[in-house]
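Residue-level structural notes
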Amino acid sequence: MSIKGKIHSFQSLGTVDGPGVRFVVFMQGCPLRCKCCHNPDTWDVSGGKVFDTEQVINKAKRYREYFGVDGGITVSGGEPLLQAEFVGELFRAAHQNGINTCLDTSGCIIDDAVLSLLQNTDRVLLDIKYTSDEKYRQNVGCGIQKPLEFLKLLNEKNIPVTLRQVIIPTVNDDDENVLKLKELADEYKCIDKIELLPFKKLCVAKYDDMGIEFPFSHIDEPTREDMERLNKLI
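A brief report on the enclosed structure follows.

1. Let's talk about empty space enclosed by the protein
To find leftover empty space, one rolls a probe the size of a water molecule over the atoms. With the rule as written, the count across this model stands at one cavity of 30 Å³ or more. If you add up the space inside the largest cavity, you get close to 50 Å³. Lining the largest cavity are Cys-34, Cys-36, Asp-127, Lys-129, Tyr-130, Val-140, Val-166 and Ile-168. Counted by class, the lining of the largest cavity contains six nonpolar, no polar and two charged residues.

2. Some thoughts on the side chain of Thr-131
Relative to the assigned elements, Thr-131 resides in the loop between β6 (123-127) and α5 (133-139). In this structure the side chain of Thr-131 is engaged in a polar contact, spanning 2.7 Å, whose partner is the side chain of Asn-177. Once residues within four sequence positions are removed from consideration, Thr-131 is found in contact with Ile-144, Gln-165, Asn-177, Lys-180 and Leu-181.

3. Here we look at the pattern of salt bridges
A side chain with one charge can pair with a side chain of the opposite charge if their charged atoms come near. Applying the stated criterion across every chain yields a total of 11 salt bridges. Residues Glu-149 and Lys-146 are paired through a salt bridge, measuring 3.8 Å at the closest nitrogen-oxygen approach. Within this pair, Glu-149 and its partner Lys-146 are both found in helix α6 (residues 145-156), separated by three residues, close to a single helical turn. For Lys-146, a relative accessible area of 32% gives the class partly exposed. For Asp-186, the salt bridge goes to Lys-182, with nearest N and O atoms at 3.6 Å. One end of the pair, Asp-186, and the other, Lys-182, are both in helix α7 (residues 175-187), four residues apart, so they sit about a helical turn from each other. Exposure remark for Lys-182: the relative accessible area of 29% places this residue in the partly exposed category. One connected set of salt bridges, linked through shared partners, spans Asp-104, Arg-164, Lys-193 and Glu-195.

4. Some thoughts on the sheet that holds strand β8 (residues 191-198)
Taken in spatial order, the eight strands of this open sheet run β3-β1-β2-β4-β5-β6-β7-β8, and their pairing is mixed. Only two strands of the sheet have a single neighbouring strand rather than two, namely β3 (49-52) and β8. On average, adjacent strands in this sheet sit at an angle of 30° to one another, irrespective of strand direction. Two strands pair when backbone bridges link them, and β6 and strand β7 (residues 161-167) are joined in this way by four bridges, in the parallel orientation. Looking at the pairing, Leu-126 lines up with Leu-163 of β7. Of the strands in this sheet, β1 (4-14), β2 (22-27), β3, β4 (72-76) and β5 (100-105) touch helix α3 (residues 84-96), which is tilted by about 155° from β5.

5. A short note on the layout of surface pockets
Volume-wise, the largest pocket comes out at about 930 Å³. Contributing to the lining of the largest pocket are 33 residues, with His-38, Asn-39, Asp-104, Asp-127 and Val-166 lying nearest its centre. Breaking the lining of the largest pocket down by element, the ones donating at least two residues are β5, β7 and β8. If you tally residues by element for the lining of the largest pocket, the top one is β8, at three residues. Across the lining of the largest pocket, the residue classes break down as 14 nonpolar, nine polar and 10 charged.

How each quantity is defined
Residues numbered from 1 in each chain as written. Predicted model: local features only at pLDDT ≥ 70, side-chain atom pairs only at ≥ 80, totals over all residues. Heavy atoms only, no water. 1 Å grid on protein atoms, 1.4 Å probe; cavity = no way out; pocket = protein on both sides within 12 Å on 5 of 7 lines; lining within 4 Å. Points joined across faces, edges and corners; volume = space filled by probe spheres on them. Nonpolar A, V, L, I, M, F, W, Y, C, P; charged D, E, K, R; others polar. Helix = DSSP H or I, 4+ residues; strand = E, 2+ residues; numbered from the N terminus. Polar contact = N/O pair within 3.5 Å; in protein donor to acceptor, adjacent residues only side chain to side chain. Contact = heavy atoms within 4.5 Å. Salt bridge = Lys/Arg side-chain N within 4 Å of Asp/Glu carboxyl O. Buried < 20%, exposed > 50% of the residue type's maximum accessible area, 1.4 Å probe, protein only. Pairing = 2+ DSSP bridges. Axes fitted to C-alpha atoms, helices over the stretch in contact; angles between N-to-C directions.

Rendered as structure tokens:
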């Protein structure tokens, strides 16, 4: 019997959520409260719509011809590790159908269900939000230790990792931070790519609709020149 999960939304032909063209599943619920979060509407675990894994796989299979060699399913959020049992069964079903799997996560949870999920995970997009524990605690709501433990686990399991970070002017757009990311990539062989993503404020409308304040509304988006400078460092 298929496990049920709470899902916020789907994206049928994602091109920035892992290799190739992806069918993206955005899970509902997140234990973190990142000040730069673009999707506050995914926080509440009681929200979303209920699907079973068979329903989701059947949706994904409709787009199979677009996946090619590299594409497949990406599960994002919210935080997919919050529903690791569901995502684990979804990834098992994907592999049974010859579909590549990718997990987009903050790496904030490690338990038996997560360990089981990783057995059928082809790639992880790991969001290392900051490179200092202080900034993690100020701007995320947890420390840096858990994501680093998760990265160590991925390295032990030889799961390919794309390291991601949203670049926020005045918060983490300094050379020192980006060079520390590069040091992580040098330390862990599983990391084969680093992606620096520019901070965006399109989400302000969502915060306004929900009647809550966007904590980084006063911060400007990075310029193209800023991003080019930091990308040169890696």
